[in-house]
Amino acid sequence: IRMHEFWMGKQPECFLPQVNDQQITDMIPQMLLHCWGITKASLNPDNNKRIDAIIEDLANNIKPIADELSVHSTIIHGDLRMENLLFRGPKLDVIVDWQLLAMGSPMVDVAYFLVQSGGKEEREQVEARVFALYSQKFAHTGLNQARLEFEYRLATKYSLIIPIMAAAEDMHAFEVPRKIITSAF
């Protein structure tokens with residue numbers, strides 16, 4: 001939250017893509033649908049029709065989703081998950097793996113972290129606290145609790161892109177992405 005707070009509304013001196021960058025939103029639908037076609041055979045076929053509809057909706061609406069996730073823009077890590085956090089004792093020491101650094105809603109990092117870090121029950125236990133903390137820190141920017149929840153719902157869907165593409169690329173290590181994808185749904 002400190003990184004998000006520091007960079008909210010600021011533009012870094014180096015180029016960072018926005019989540020709604022046209023080049024990004026143009027290539028995601030085809031890549032996403034292709035990767036989903038590869039990975040869905042390894043999931044529970046009973047859920048595939050429901051998940052197909054969610055993936056198709058994401059692919060068809062990536063530009064408006066990404067536009068909404070660019071309204072309140074800050075630096076985002078883009079791949080924020082437990083594997084990229086290094087701790088010294090109970091204290092966070094270092095965040096690694098910055099190659100997906102971009103500009104977008106802080107809820108992209110929050111949703112990605114929560115989707116990657118546990119199941120629905122775990123997410124529901126912390127969401128209210130996260131929204132309260134972020135709305136307190138960003139009230140002056142128009143990021144009130146209702147807007148945060150809206151961006152979070154969009155970011156939760158948006159956060160499926162990377163695990164689906166990763167699962168399609170590395171079928172040998174499919175168990176982790178499969179758990180992430182099924183947990184998100």
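The structure displayed is predicted, hence computed values, not measured ones. (Residues numbered from 1 in each chain as written. Predicted model: local features only at pLDDT ≥ 70, side-chain atom pairs only at ≥ 80, totals over all residues. Heavy atoms only, no water.)

(A) Focus on the packing of aromatic side chains. Enumeration over the complete set of coordinates arrives at three aromatic pairs. For the pair Y134 and F138, a centre-to-centre distance of 5.6 Å together with 25° between the ring planes defines the contact as stacked. Here Y134 and its partner F138 are both found in helix α6 (residues 120-138), four residues apart, which amounts to about one turn of the helix. Just as Y134 is buried, F138 falls in that class too. In this structure, K10 is placed above the aromatic ring of F6, and the distance from its NZ or CZ to the ring centre is 3.8 Å. (Phe/Tyr/Trp six-rings, centres within 6.5 Å; stacked < 30°, edge-to-face > 60°. Helix = DSSP H or I, 4+ residues; strand = E, 2+ residues; numbered from the N terminus. Buried < 20%, exposed > 50% of the residue type's maximum accessible area, 1.4 Å probe, protein only. Lys NZ or Arg CZ within 6 Å of the ring centre and 35° of its normal.)

(B) Region of interest: the layout of surface pockets. Of the pockets and cavities examined, the largest pocket occupies roughly 880 Å³. Residue lining of the largest pocket: 23 residues in total, with I1, R2, L80, L92 and Y134 positioned closest to the centre. Put simply, the parts of the chain that give the lining of the largest pocket at least two residues each are α1 (2-7), β2 (85-88), β3 (91-95), α5 (106-117) and α6. It is α6 that provides the largest number of residues to the lining of the largest pocket, a total of five residues. Among the residues forming the lining of the largest pocket, the class breakdown is 17 nonpolar, two polar and four charged. In this structure, the second largest pocket occupies an estimated 430 Å³ of space. Lining of the second largest pocket is provided by 19 residues; of these, I24, I28, L100, Y158 and I162 occupy positions nearest its centre. The element best represented in the lining of the second largest pocket is helix α2 (residues 22-39), accounting for four residues. (1 Å grid on protein atoms, 1.4 Å probe; cavity = no way out; pocket = protein on both sides within 12 Å on 5 of 7 lines; lining within 4 Å. Points joined across faces, edges and corners; volume = space filled by probe spheres on them. Nonpolar A, V, L, I, M, F, W, Y, C, P; charged D, E, K, R; others polar.)

(C) Main features of α2. Between its first and last C-alpha atoms α2 spans 26 Å; for 18 residues at 1.5 Å apiece the expected length is 26 Å, and the two agree. At I28, α2 is deflected by roughly 35°, the largest bend along its length, and proline P29 occurs up to four residues later in sequence. Regarding α2, the residues found buried are T25, I28, P29, L32, C35, W36 and T39. (Expected span 1.5 Å × (residues − 1). Bend = angle between axes of the 7 residues up to and from the residue.)

(D) View of the packing of α6 against helix α7 (residues 145-158). The geometry of α6 relative to α7 is characterised by a closest axis approach of 9 Å and an angle of 130° between their N-to-C directions. Between α6 and α7, the angle is such that the two are oblique. The two elements α6 and α7 cross, and the hand of that crossing is right-handed. Taking contact as the criterion, the partners of R123, E127, F131, A132, Y134 and S135 in α6 are, on α7, Q145, L148, E149 and Y152. Grouping the amino acids of the contact of α6 with α7 by side-chain chemistry returns five nonpolar, two polar and three charged. (Axes fitted to C-alpha atoms, helices over the stretch in contact; angles between N-to-C directions. Parallel < 35°, antiparallel > 145°, perpendicular 65-115°, else oblique. Left-handed = near helix turned anticlockwise from the far one by under 90°. Contact = heavy atoms within 4.5 Å.)

(E) Molecular detail of the nonpolar core. Ranked by internal contacts, the top residues of the largest apolar core, which has 36 residues, are L32, L69, M107, Y158 and I161. Only α2, α3 (45-60), α4 (62-68), α5, α6, α7 and α8 (161-169) provide two or more residues apiece to this core. Sequence-distant contacts of M107, defined by excluding residues within four places in its chain, comprise F131, Y134, L148, E151, Y152 and A155. (Core = buried A, V, L, I, M, F, W, Y, C linked by side-chain atoms within 4.5 Å.)

(F) Quick look at the pairing of β3. As judged from the four bridges shared by β2 and β3, these two strands associate in the antiparallel manner. The residue bridging L86 from the neighbouring strand is V94, located in β3. Where β2 hands over to β3, the hairpin turn is made up of two residues, of which G89 adopts a positive phi near 65°. (Pairing = 2+ DSSP bridges.)

(G) Structural view of a nonpolar patch on the surface. Where nonpolar side chains cluster on the molecular surface, the patch consists of M82, F87 and L92 and spans about 270 Å² of accessible area. Assignment of secondary structure puts F87 in strand β2. Residue classification places F87 among the partly exposed residues on the basis of a relative accessible area of 40%. (Patch = residues over 30% accessible without salt bridge, like charges linked within 9 Å, V, L, I, M, F, W, Y side chains within 5 Å. Areas by Shrake-Rupley, 256 points an atom, 1.4 Å probe, with all protein chains shown as cover. Salt bridge = Lys/Arg side-chain N within 4 Å of Asp/Glu carboxyl O.)

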